[in-house]
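Architecture at a glance
What follows is each chain in one-letter form.
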Amino acid sequence: MSYDVTVFKPYPFKIGQKIRIEDTRRAGDWEIAAIGEHKITLRCPISKKEFEWNIFCYNVEERKDSPWPQKD
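Summarised in this report is the structure supplied together with it.

Criteria and thresholds
Residues numbered from 1 in each chain as written. Predicted model: local features only at pLDDT ≥ 70, side-chain atom pairs only at ≥ 80, totals over all residues. Heavy atoms only, no water. Helix = DSSP H or I, 4+ residues; strand = E, 2+ residues; numbered from the N terminus. Buried < 20%, exposed > 50% of the residue type's maximum accessible area, 1.4 Å probe, protein only. Contact = heavy atoms within 4.5 Å. Polar contact = N/O pair within 3.5 Å; in protein donor to acceptor, adjacent residues only side chain to side chain. Patch = residues over 30% accessible without salt bridge, like charges linked within 9 Å, V, L, I, M, F, W, Y side chains within 5 Å. Areas by Shrake-Rupley, 256 points an atom, 1.4 Å probe, with all protein chains shown as cover. Salt bridge = Lys/Arg side-chain N within 4 Å of Asp/Glu carboxyl O. Pairing = 2+ DSSP bridges.

As a further point, take the side chain of Thr41. Mapping Thr41 onto the fold places it in strand E3 (residues 39-43). Judged by relative accessible area, which is 12%, Thr41 ranks as buried. Once residues lying within four places of it in the same chain are set aside, the contact partners of Thr41 are Glu31, Ile32, Ala33, Ala34, Glu50, Phe51 and Glu52.

And the structure:
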């Protein structure tokens, strides 16, 4: 038998990459500051504060020519 299957793959982050996270408690604009085997460090582009979290993002969409950081 065959089924419809949804496949998720971890996103291949790069240091210096600008990202936007939506619809989670980490929502906002971030820059990738460091990448470890299990952890990722994100830097706020406004406050420059850095936060280290377990790798959690998956690629959903890439937007071209999008303003960053986003203004409310």
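With that settled, the discussion passes to the environment of Trp30. Inspection of the secondary structure puts Trp30 in strand E2 (residues 28-35). For the pair Trp30 and Ile19, spaced eleven residues apart in the sequence, the C-alpha separation amounts to 5.3 Å. Apart from residues lying up to four places away in sequence, Trp30 is in contact with Gln17, Lys18, Ile19, Ile21, Leu42, Arg43, Cys44, Pro45, Phe51, Trp53 and Trp68. Reaching out from Trp30, the side chain makes a polar contact with the backbone oxygen of Arg26 at a distance of 2.9 Å.

Here the focus is a nonpolar patch on the surface. Residues Tyr3, Val5 and Val7 make up a contiguous nonpolar surface patch of roughly 380 Å² in combined accessible area. Residue placement: Val7 occurs in the segment before strand E1 (18-21).

Turning next to the pairing of E3. Two strands pair when backbone bridges link them, and E2 and E3 are joined in this way by four bridges, in the antiparallel orientation. Across the sheet, Ala34 pairs through a bridge with Thr41, a residue of E3. Both E3 and strand E4 (residues 50-54) contribute to a ladder of five bridges, which runs antiparallel. Bridge pairing links Ile40 to Trp53 in E4. Turn length for the E3-E4 hairpin, with the two strands adjacent in sequence and antiparallel, is six residues, and the turn residue Lys48 shows positive phi of about 70 degrees.

All right, on to the pattern of salt bridges then. Opposite charge on two side chains permits them to pair, given that their charged atoms come into close proximity. Counted under the stated rule, the structure contains four salt bridges. Here Glu50 and Arg43 are joined by a salt bridge, their closest N and O atoms 2.9 Å apart. Under the relative-accessibility criterion, Glu50 is labelled partly exposed at 43%. Note on Arg43: relative accessible area 22%, which makes it partly exposed. In the salt-bridge network here, residues are joined through shared partners; they are Lys18, Glu31, Arg43 and Glu50.

In short, shape yes, function no, at least from these values alone.
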